[in-house]
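# Descriptive analysis of the structure
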Amino acid sequence: MTDQSLAPDAFKRIEQTAQIHGISRPSLSYWQDAWIRLKANRRALYSLYLVVGLLLFTFLGPLIWQIDPSVQDVDQISQPPFASRTVQLVPEYQPWYPSDELSGTGLNFVAPPTTQYVRLTWDKNPAATGGYRVYRNLFPIGVERAYGLPLKETGVAENFFEDRLDLKPRNYFYSIVALDDDGNELHDQVETIEGEVIRVMAPREAISRGMLDADEAPVFGTQYTLPLHPLGTDYLGRDMLARLMHGARVSLFIGFFAPFIFVLVGVAYGSVAGFLGGMTDQALMRFADFVVALPFLLFMILFKVVFAIGPGESGIMPMLLAMVLLLWPATARLVRGQILQIREEGYISASRLLGAKTNYLVLRHMIPNTMGVILVTITFAVPSAIFTEAFLSFIGMGVAPPTPSWGSMCNEGIKTMLTTPHELIFPALLISVTVLAFNLLGDGLRDALDARMRNRE
Amino acid sequence: MLKYAFKRIVQGLITVWFIATATFFAMHAVPGDPLSGDKALSDKTRANLEAKYGLDKPLMTQYGIYLANIAKGDFGISFTQENRKVNDIIREHFPVSATLGILAILFAGAGGILWGALTALYRNRLPDTIIMFLVILGISVPSFVVAAIGQLSLVNINDLAGVSLLPIGGWGTVWHMIVPSMVLGLGTMAYLTRLMRSSMLEIISSDFVRTAKAKGVPPTQIFTRHQLRNAILPVITVLGPSIAGITTGGFVVEIIFAIPGLGRYFVQAVQQLDYTVIMGTTVFFGAFLVFMVILVDIIYGYVDPRVRLE
């Protein structure tokens with residue numbers, strides 16, 4: 001080795017000769033980049049708007065539409081949206097004593113049918129040796145259709161009938177079936193009439209509803225308007241819109257909160273397993289494997305029994321707890337995998353080589369790099385949590401009445417699916433739209449945040 | 001292969017033990033006990049009943065007896081239905097659920113593979129757009145709504161036809177099975193379609209497909225031999241777990257279509273707090289699902305040798 005002495009002027013700063021190219025684009029952080037990608041995805045962006053709209057509906061809605069969801073409007077039970085809200089003032093009910101003069105005009109209504117009474121008369125039928133049976137139905141009588149609800153059997157001499165049984169403002173089909181001596185129905189001797197029942201009210205009721213002052217002289221025939229229910233009412237006369245808004249709180253609370261908690265638990269568990277490694281990791285992950293193997297909905301139902309709810313409780317907390325207990329392992333596995341992978345990445349070694357402390361590594365590299373995956377997991381967990389809540393409430397294992405939730409509203413609505421479909425359609429639609437929005441948003445987020453999953457459908 | 005199967009079965013047995021244990025202690029953590037029902041019992045009656053059901057013994061002894069009985073395949077006697085064995089309930093109602101589930105899986109699997117392959121072949125063209133829209137819809141609509149719509153449309157179809165084409169509920173003939181199994185399989189079919197599409201898209205652009213094209217293999221043969229066979233693999237893996245989804249979705253379909261399956265029975269038992277039936281059906285269902293997943297995994301190992309080597 002030759003001795004080489006370096007002159008001090010060898011360390012002189014070289015003059016900058018060429019112009020360094022400036023940075024052509026502003027530097028973007030991971031999240032700025034993700035946001036730009038998300039904005040470019042039209043489907044995901046609209047889903048995001050939809051989610052924001054749902055949140056407004058849930059939290060701002062009840063401030064605007066201040067109707068108590070548990071108050072019953074007994075005048076408007078099971079009313080579809082845009083149903084007539086008028087009510088006519090009529091005199092108090094007077095008992096009916098019909099005479100024989102009524103006959104001779106065929107099956108007809110003696111007076112216009114109202115919710116106060118429906119009065120029918122028909123011609124005497126010589127074949128009806130055993131009298132008549134009166135039926136009421138909500139649908140036209142088809143070839144195989146039954147006549148509906150049997151109301152009364154009248155004697156041979158009685159060719160009139162008054163119906164006062166729970167009349168609603170809607171169309172009814174009355175059938176008069178002639179009976180033979182033994183009381184058998186003569187199916188070829190049937191008469192049917194359709195009547196549109198209009199809503200009426202006697203003064204006493206009108207006063208109790210506050211439409212009429214007690215000292216005011218009633219003007220019969222006056223039309224009054226009943227309170228508005230934009231989405232109709234349910235089978236107990238409760239406002240659908242208010243119930244949907246309050247139900248959204250339950251559904252979205254579980255939908256957001258359950259994933260949030262179990263993802264948090266999963267992240268903690270998974271990162272502990274990932275960081276510690278070795279035997280601890282093995283043991284922790286084996287346990288997670290067992291929890292994954294539990295049949296989810298069976299255990300959800302089982303846990304609902306274990307965390308029995310007392311009277312007056314809504315049953316939301318047991319459901320939340322059961323979901324957290326059962327669903328954390330998926331996130332734990334995912335996070336553990338991520339941590340293990342990131343630990344071996346080149347940029348971690350590079351950062352460590354440059355003297356980065358563990359804290360810095362975790363905060364600057366590990367967490368931001370798992371955040372994307374975690375966020376996507378949460379987004380996809382929201383619809384499945386909403387589904388689970390709806391499913392449990394639907395089979396009667398979810399929230400306890402009278403607390404409304406979308407699932408329990410579907411459960412109630414499905415019973416009257418044929419006569420008043422709006423009671424099922426609205427909550428079902430909201431569940432579907434919410435789940436759809438979160439699925440599309442999740443797709444968009446996955447594309448925007450997770451480079452490895454990109455370009456996959 | 002045998003070693004792999006053996007390993008999986010041992011794992012499955014441990015899982016079933018875990019399920020049984022979790023169920024046992026969960027049920028014993030329920031406030032109150034099975035005998036404190038709506039009727040007040042005299043001390044003597046209570047003591048007799050406790051002796052009959054073995055509730056007078058210490059918890060760990062009960063646990064031992066319970067595990068021994070499960071190992072023998074005996075799930076005990078129902079609490080609410082006098083002298084009815086849980087085994088009899090399972091024997092009577094499980095075949096119904098299983099038939100419904102198998103039909104639904106077949107429907108979902110066949111549909112998912114077919115639609116998924118179609119959408120991938122017609123990527124970004126009209127058939128793809130339409131099918132994928134329906135798929136997103138299928139994933140987003142809850143099973144009970146699908147079931148309700150299915151039944152409602154059946155009512156309307158029967159009404160239009162003027163005769164009863166298909167029964168709207170109940171169980172017995174093949175005709176009873178068609179609509180419920182389709183309704184039950186719909187969600188899974190949507191999910192499988194998505195999966196099949198992405199796996200198919202990956203295969204379409206792979207090297208061996210290009211090679212096959214280059215050497216002049218006819219397109220239909222490329223489709224059946226190279227693309228379909230390879231694209232099906234990921235679909236098979238999720239079939240196992242989706243059996244679980246189908247079984248539990250079956251609860252709703254069984255309730256709506258009035259099908260006397262085990263799911264409906266389980267829900268009923270939970271509502272009546274029939275402890276032995278709840279425990280028995282949970283362990284049975286759990287064991288069934290665990291072994292279905294294992295079966296699918298073993299089949300998968302047979303189909304795709306790479307899995308076994310891991």
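Please read all numbers here as calculations on a predicted model, not as lab measurements. (Residues numbered from 1 in each chain as written. Chains lettered and ligands numbered in written order. Predicted model: local features only at pLDDT ≥ 70, side-chain atom pairs only at ≥ 80, totals over all residues. Heavy atoms only, no water.)

Residues and elements named next belong to chain B. Looking at chain B, pLDDT values average 82 and 94% of them are 70 or higher. By mean pLDDT, the top-scoring element of chain B is helix α8 (residues 207-214) (90), and the lowest-scoring one is helix α12 (residues 305-309) (63). On the interface metric, ipTM, the complex scores 0.78, and its pTM is 0.79. (pLDDT = per-residue confidence, 0-100. Helix = DSSP H or I, 4+ residues; strand = E, 2+ residues; numbered from the N terminus.)

Our focus in this paragraph is the packing of aromatic side chains. This model, assessed by the stated rule, comprises 23 aromatic pairs over all chains. When the ring of Phe-109 of chain A is compared with that of Tyr-174 of chain A, the centres are 6.3 Å apart and the planes differ by 80°; the resulting orientation is edge-to-face. One end of the pair, Phe-109 of chain A, is in strand β2 (residues 108-109); the other, Tyr-174 of chain A, is in strand β7 (residues 171-179), with 65 residues separating them in the sequence. For the pair Phe-25 of chain B and Tyr-63 of chain B, a centre-to-centre distance of 5.1 Å together with 45° between the ring planes defines the contact as tilted. Residue Phe-25 of chain B is located in helix α1 (residues 2-28), and its partner Tyr-63 of chain B is located in helix α3 (residues 59-72); the two are separated by 38 residues in the primary sequence. For Phe-25 of chain B, a relative accessible area of 31% translates into the label partly exposed. Each residue in the set Phe-391 of chain A together with Phe-94, Phe-251, Phe-266, Phe-284, Phe-285 and Phe-288 of chain B is aromatic and connected to the rest through ring pairs, giving one cluster. Over the aromatic face of Tyr-117 of chain A sits the side chain of Arg-119 of chain A, whose NZ or CZ is 3.6 Å from the ring centroid. Of note, Arg-164 of chain A hangs over the ring of Tyr-93 of chain A, and the distance from its end group to the ring centre comes to 3.5 Å. (Phe/Tyr/Trp six-rings, centres within 6.5 Å; stacked < 30°, edge-to-face > 60°. Buried < 20%, exposed > 50% of the residue type's maximum accessible area, 1.4 Å probe, protein only. Lys NZ or Arg CZ within 6 Å of the ring centre and 35° of its normal.)

This next bit is on the domain arrangement of chain A. The domain architecture assigned to chain A consists of domain 1 (45-68 + 236-455) and domain 2 (89-201). Distance between the C-alpha centres of domain 1 of chain A and domain 2 of chain A: 55 Å. (Domains from an automatic or database assignment.)

Okay, the side chain of Ser-408 of chain A next. All names here are of chain A. Structurally, Ser-408 can be placed in helix α11 (residues 406-413). With a relative accessible area of 8%, Ser-408 lands in the buried category. Polar contacts involving the side chain of Ser-408 include one to the main-chain carbonyl oxygen of Ser-405, which spans 3.0 Å. (Polar contact = N/O pair within 3.5 Å; in protein donor to acceptor, adjacent residues only side chain to side chain.)

The next thing to look at is the sheet that holds strand β1 (residues 86-89) of chain A. Strands belonging to one sheet form pairs held by backbone hydrogen bonds; the direction of such a pair is parallel or antiparallel. Residues and elements named next belong to chain A. The strand order β9-β1-β10 describes an open sheet built from 3 strands, whose pairing is mixed. Whereas interior strands pair on both sides, the edge strands pair on one side only; in this sheet they are β9 (200-201) and β10 (223-225). Bridge count for β1 against β10 is 3 bridges, and the pairing is antiparallel. Note that in β10 the partner of Thr-86 across the bridge is Thr-225. (Pairing = 2+ DSSP bridges.)

On to unusual backbone geometry, then. Phi at Asp-166 of chain A takes a positive value of approximately 45°, unusual for a residue other than glycine. Position of Asp-166 of chain A among the secondary structure elements: in the loop between β6 (160-163) and β7. A positive phi is found at Ala-258 of chain B, a non-glycine position, where the angle reads about 50°. Positionally, Ala-258 of chain B belongs in the loop between α9 (219-256) and α10 (262-272).

For an interface, size is often stated in terms of accessible area lost upon the parts coming together. Taken together, the contact between chain A and chain B spans 39 residues of the former and 44 residues of the latter. When the two sides are added together, the surface that chain A and chain B hide from each other amounts to roughly 3,500 Å², 79% of it contributed by carbon and sulfur. Run the count over chain A and chain B and you get 1 salt bridge. For Arg-194 of chain B, the salt bridge goes to Asp-443 of chain A, with nearest N and O atoms at 3.0 Å. For the pair chain A and chain B, the number of links is 1 residue pair in polar contact (both at pLDDT 80 or more). Where the side of chain A that touches chain B is concerned, the elements lending two or more residues are α6 (278-293), α7 (296-306), α10 (358-394) and α12 (422-449) of chain A. Here the side of chain A that touches chain B takes 10 residues from α12 of chain A, the largest share from any one element. Along the lines of polarity and charge, the residues of the side of chain A that touches chain B split into 31 nonpolar, 2 polar and 6 charged. (Contact = heavy atoms within 4.5 Å. Buried area = accessible area lost by both parts, 1.4 Å probe. Salt bridge = Lys/Arg side-chain N within 4 Å of Asp/Glu carboxyl O. Nonpolar A, V, L, I, M, F, W, Y, C, P; charged D, E, K, R; others polar.)

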